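A closer look at the structure
This is what each chain is made of:
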Amino acid sequence: MALSKPAWFKVRLPEAEGYSFVASSLRRNLINTICQEARCPNRAECWSAGTATFLILGTRCTRSCFFCAVAKGSPPPVDPEEPKRVAEAAASLNLGHVVITSVTRDDLEDGGASWFAATVSAIKETSPATTTEVLIPDFQGSKECLEKVLAAKPDVINHNLEVPARLYPFIGRPEANYSRSLQVLHQAKQAGFITKSGLMVGLGETADDLRKTFSDLRQAGCDLLTIGQYLQPTRRQLPVERFYHPEEFAALEEEARHFGFRGVAAGPLVRSSYLAHKLLRKAKACAS
């Protein structure tokens, strides 16, 4: 039987002006967001504040992870005008920090790396003062694909581990992909970039699992970390094993800081791009 959500998962209704402005701008520019596709619980808060995480390369993923609500199947052809439209939307929303993510596109020769690069470049050209963060897939471990993204010089390279290694088979991923993901972060760090990753809790992980994951991320050179509660998007996805109390998230955040991350955001509704601009500022402050 599905667990009932605790009271602390109640979110406020969107503020009409800011929320409507973002929604209408996204529709006008034919832009997708992960806020919508992944049913992010922070959508009201972020859109009301005039921020969004752009989803490029369509809305259908070529992988079938057991926790994700994003549609699966054969994606449509990529749109060569999409980077320009995303840049125009970012400019019209006057965003100071833009997060760009995608569905996983294993059907493309470079996994979509060139589209990430083109989108970052378009935003830099249209809004030179805007910082950019890319939340990328693993590109099946291709160093050449990752180098395409790095060449565009985004400010943050974000790649989510999602869960500890022990749980990879449980979420529908080969356990070897855990090491592949760490290598993505390591390669980006070796190239001099600020790196970031995200974890979900509530799927059966133990405290030792999390400590091992914190250590693995730091050994890979990961600078920033987000930790949030897994929420079952629909009945088709994995059920929640348990809900963490806000005080437990505070303890996790404190423990993660002891491992040496430059910035950590942990909480029931924290997601990969939540408070992204603030975590970037922390990373830069620690580096200065």
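Residues numbered from 1 in each chain as written. Predicted model: local features only at pLDDT ≥ 70, side-chain atom pairs only at ≥ 80, totals over all residues. Heavy atoms only, no water.

**Examining the overall build of the protein**
Broken down by element type, the protein carries 10 helices and 10 strands. Burial statistics for the protein: of 288 residues in total, 53% are counted as buried. Here the contacts in the protein between residues at least 6 apart in sequence split such that 74% fall between residues at least 24 apart. Roughly 13,200 Å² of accessible area belongs to the protein as shown, and the carbon and sulfur atoms make up 52% of that amount. (Helix = DSSP H or I, 4+ residues; strand = E, 2+ residues; numbered from the N terminus. Buried < 20%, exposed > 50% of the residue type's maximum accessible area, 1.4 Å probe, protein only. Contact = heavy atoms within 4.5 Å. Areas by Shrake-Rupley, 256 points an atom, 1.4 Å probe, with all protein chains shown as cover.)

**Brief notes about the pattern of salt bridges**
Per the stated rule, a full pass over the model turns up 13 salt bridges. When the shortest N-O distance is used, the salt bridge between glutamate 133 and lysine 196 registers 2.9 Å. With glutamate 133 in strand 6 (residues 131–135) and lysine 196 in strand 8 (residues 194–201), this residue pair connects regions lying 63 residues apart in the sequence. Judged by relative accessible area, which is 0%, lysine 196 ranks as buried. (Salt bridge = Lys/Arg side-chain N within 4 Å of Asp/Glu carboxyl O.)

**Overview of the nonpolar core**
Counting residues in each nonpolar core, the largest one holds 34 residues, and the members touching the most others are Leu203, Phe214, Leu217, Leu225, Ile227, Leu252 and Phe261. Going through the elements one at a time, helix 7 (176–190), strand 8, helix 8 (207–219), strand 9 (224–229), helix 9 (246–258) and strand 10 (263–267) are the ones with two or more residues in this core. Excluding anything up to four places from it in sequence, isoleucine 227 contacts Leu199, Val201, Phe214, Phe249, Leu252, Val264, Ala265, Ala266, Gly267 and Val270. Core analysis: the next-biggest nonpolar cluster, separate from the first, contains 30 residues, Val120, Phe139, Ala188 and Phe193 among them. (Core = buried A, V, L, I, M, F, W, Y, C linked by side-chain atoms within 4.5 Å.)

**Quick look at the packing of aromatic side chains**
For the structure shown, the criterion picks out 5 aromatic pairs. Judged by centre distance (5.5 Å) and plane angle (90°), the rings of tyrosine 168 and tyrosine 178 are edge-to-face. Within this pair, whereas tyrosine 168 is found in the loop between strand 7 (156–158) and helix 7, its partner tyrosine 178 is found in helix 7, the two being separated by 10 residues in sequence. With 5.7 Å between their ring centres and 45° between their planes, tyrosine 244 and phenylalanine 249 make a pair best called tilted. Across the pair, phenylalanine 249 and tyrosine 244 agree in class, each one buried. Among the aromatic residues, those joined into a ring-pair cluster are Phe214, Phe259 and Phe261. For the cation-ring pair, arginine 218 lies above phenylalanine 261, with the distance from its terminal atom to the ring centre recorded as 5.7 Å. (Phe/Tyr/Trp six-rings, centres within 6.5 Å; stacked < 30°, edge-to-face > 60°. Lys NZ or Arg CZ within 6 Å of the ring centre and 35° of its normal.)

**Points about the packing of helix 5 (residues 113–126) against helix 6 (residues 143–151)**
Look at helix 5 against helix 6: their axes get within 8 Å of each other, and the N-to-C directions meet at 5°. In terms of their interaxial angle, helix 5 and helix 6 are classed as roughly parallel. Of the residues in helix 6, those touching helix 5 at Ala113, Ser114, Phe116 and Ala117 are Cys145, Lys148 and Val149. (Axes fitted to C-alpha atoms, helices over the stretch in contact; angles between N-to-C directions. Parallel < 35°, antiparallel > 145°, perpendicular 65-115°, else oblique.)

**Regarding the packing of helix 8 against helix 9**
Packing of helix 8 against helix 9 leaves a shortest axis separation of 10 Å and a crossing angle of 40°. Between helix 8 and helix 9 lies a crossing of right-handed hand. Along its contact with helix 8, which presents Leu210, Arg211 and Phe214, the element helix 9 presents Leu252, Glu255 and Ala256. In the contact of helix 8 with helix 9, the residues fall into 4 nonpolar, no polar and 2 charged. (Left-handed = near helix turned anticlockwise from the far one by under 90°. Nonpolar A, V, L, I, M, F, W, Y, C, P; charged D, E, K, R; others polar.)

**Regarding the pairing of strand 10**
Where burial is concerned, most of strand 10 is hidden: 5 out of the 5 residues are buried. Where strand 9 lies against strand 10, 5 bridges are found, and the strand directions are parallel. Across the sheet, isoleucine 227 pairs through a bridge with alanine 266, a residue of strand 10. Crossover strand 9 to strand 10 through helix 9 is right-handed. (Pairing = 2+ DSSP bridges. Right-handed = clockwise from strand over helix to strand, strands pointing away.)

Just distances and angles here, no functional claims.
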